[in-house]
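# Working through the structure, step by step
Given next are the chains, with one letter for each unit.
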Amino acid sequence: MATAVIMPKQGQSVESCILTEWFKHVGDQVARGDLLFAYETDKASFEEEAQADGILLARFFEEGAEVPVLVNTAVIGAEGESIEEFRSGGSAVDEEPVAMEKPVAAEISVEEDTGVIEQQQVPVQPAGNGRVAISPRARKLAKERRVVVESIAGSGPGGRIIERDILEEIINGKRLTPLAQKKLEGEGLVVPGEGKTPYGKITSKELLESSQVAQGHAGISTGNYTDEPLSNVRKIIAGAMHRSLQNSAQLTHHLSANASRMLQLRKEVKNRMNNGYTYNITLNDMVCYAVIRALKVYPGANAHFLDGIIRKFNKVNMGLAVDTDRGLMVPALLHADDLSLPGLSSQLKELAETSKKGAISPDLLVPEAATFTVSNLGNYGVEMFTPVINLPQVAILGVNTIILRPTVLEDGSFGFQPYMGLSLTYDHRAIDGGPATQFLAEIKNQIEKLSPELL
């Protein structure tokens, strides 16, 4: 019997995924373990393997589609099997021909070049067995070159479409919509390798985008500016940041901590690493450790502001802002307060690397997973900034660069000391200014008393 291929659910918080690439075409032979398609959540990428042997009978979604989790995405089975019971309220965008009472095929309507292809049912001469016939080699070539096969009159026996028919269609340039063909002739644009619409017709918009990319631009350009479409990740980030500022009362306090002991501890780590010490503890690791210690003193900052309540957590789930190729990610390190400084350093590095590879669990990326977040821009030389809270968290610490400042030394003389800037943004609905300042001062205190005993 035919087998449905569903969109997997990656984490409790994930409701839909973006189908980014198909690895198999309809009609292809599929073996258990073969890669079928790639997909992504907000900030992680995955690949789905076939769980059965057979032929890929149908694909219900195109590349780029947002697919609800646990919904039928494709069907694997034997040639000629019905796929009707596997449809999820719509027609397959690509499927193996099946027998019909009155043989029909899709006639492409291109009166409006909108990138959406409408279908009308028109008679097609069957190939003797109740189905529109096409040879395997012709089907494979048509899929690779995105050729509309339904409108081709086959030259093979009984009207069967053969490879030669597909080649002639490619030579005749019928992959373009009429408007795209007109623009190609009048403006000398670059034809992309394939279209994104069903059946592969290339629209004028895709033609323009392809030409801009060929000229070193992304998106649509008029000559005075370039429009770049938002990626799925950017849409998520934009929505979260806007909701945060719109739905909370955010205020930022700034304070500096003497970083002399921290820098000395970092120097000690490097010396020990030369002698076999395995933990490369960074300044950011030390700051996170100091924040965790401070949160145990001021648990009011280790909380979520929810509907009518402030939920204070007994454990610290540390959120770490990580800059990746896909955009900003803030994974959570659960129960971070149970770790020593070396253990924390090791776990934070693993968390960051997993995020950069796109293999982080989606459940660790939702704002609710962390109870407090640290964002470090010190490596970029930033002296002061205003971080935005990840709601429903009630605070976030921004870590700035270290600069030398004139100060009074212990012997009463004047000199220069290294100071690290700290920027605490808090939700005034949950925390008042006094406790927020005391919490920030406690972070400063924890940084200034770091010692080699912690190694």
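## Notes on the sheet that holds strand 2 (residues 16-22)
- Read across the open sheet, the four strands follow the order 5-4-2-7; overall the sheet is antiparallel. At either end of the open sheet lies a strand with only one pairing partner, and these are strand 5 (45-49) and strand 7 (66-68). Pairwise comparison of adjacent strand axes, ignoring direction, gives a mean angle of 40 degrees for this sheet.

## A look at helix 7 (residues 283-297)
- Between its terminal C-alpha atoms helix 7 stretches 22 Å, which fits the 21 Å expected from 15 residues at 1.5 Å a residue.
- Within helix 7, eleven of the 15 residues are buried, which leaves it mostly tucked inside the rest of the structure.
- All buried positions along helix 7 are accounted for by Asn-284, Asp-285, Met-286, Val-287, Cys-288, Tyr-289, Ala-290, Val-291, Ile-292, Ala-294 and Leu-295.

## A few points about a negative patch on the surface
- Judged by side-chain charge, Glu-21, Glu-47, Glu-49 and Glu-63 come together as a negatively charged surface patch.
- By the element assignment, Glu-63 lies in the loop between strand 6 (54-59) and strand 7.
- In this structure Glu-63 comes out as partly exposed when scored by relative accessible area, which is 39%.

## Thoughts on the nonpolar core
- Counting 50 residues, the largest nonpolar core has Val-291, Phe-372, Leu-397 and Ile-443 as its most contacted members.
- Elements with a contribution of two residues or more to this core: helix 6 (260-273), helix 7, strand 17 (318-320), helix 8 (341-356), strand 21 (372-376), strand 22 (395-408), strand 23 (414-427) and helix 9 (433-448).
- With nine residues, helix 7 is the single largest residue contributor to this core.
- Setting aside chain neighbours within four positions, we find Ile-443 in contact with Ala-290, Val-291, Ala-294, Leu-397 and Leu-422.

## A closer look at the pairing of strand 8 (residues 72-77)
- Judged by how many residues are buried, strand 8 sits mostly within the fold: six of six residues are covered.
- As paired strands, strand 1 (residues 3-6) and strand 8 are joined by four bridges and run antiparallel to one another. Looking at the pairing, Ala-4 lines up with Val-75 of strand 8.
- As defined by bridge partners, strand 6 adjoins strand 8 across four bridges and the pair is classed as antiparallel. Looking at strand 8, one finds that Arg-59 is bridged to Ala-74.

## Structural notes on the side chain of Thr-373
- One can find Thr-373 in strand 21.
- At 2.7 Å, the side chain of Thr-373 and the side chain of Gln-393 are in polar contact.
- Non-local contacts of Thr-373, meaning those with residues more than four positions away in its chain, are made with Gly-319, Val-330, Asn-390, Gln-393, Ala-395, Ile-396 and Leu-397.

How each quantity is defined
- Residues numbered from 1 in each chain as written.
- Predicted model: local features only at pLDDT ≥ 70, side-chain atom pairs only at ≥ 80, totals over all residues.
- Heavy atoms only, no water.
- Pairing = 2+ DSSP bridges.
- Helix = DSSP H or I, 4+ residues; strand = E, 2+ residues; numbered from the N terminus.
- Axes fitted to C-alpha atoms, helices over the stretch in contact; angles between N-to-C directions.
- Expected span 1.5 Å × (residues − 1).
- Buried < 20%, exposed > 50% of the residue type's maximum accessible area, 1.4 Å probe, protein only.
- Patch = residues over 30% accessible without salt bridge, like charges linked within 9 Å, V, L, I, M, F, W, Y side chains within 5 Å.
- Areas by Shrake-Rupley, 256 points an atom, 1.4 Å probe, with all protein chains shown as cover.
- Salt bridge = Lys/Arg side-chain N within 4 Å of Asp/Glu carboxyl O.
- Lys, Arg positive; Asp, Glu negative; His and termini not counted.
- Charge placed at Lys NZ, Arg CZ, Asp CG, Glu CD.
- Core = buried A, V, L, I, M, F, W, Y, C linked by side-chain atoms within 4.5 Å.
- Contact = heavy atoms within 4.5 Å.
- Polar contact = N/O pair within 3.5 Å; in protein donor to acceptor, adjacent residues only side chain to side chain.

The values reported here are purely geometric and, on their own, carry no functional implication.
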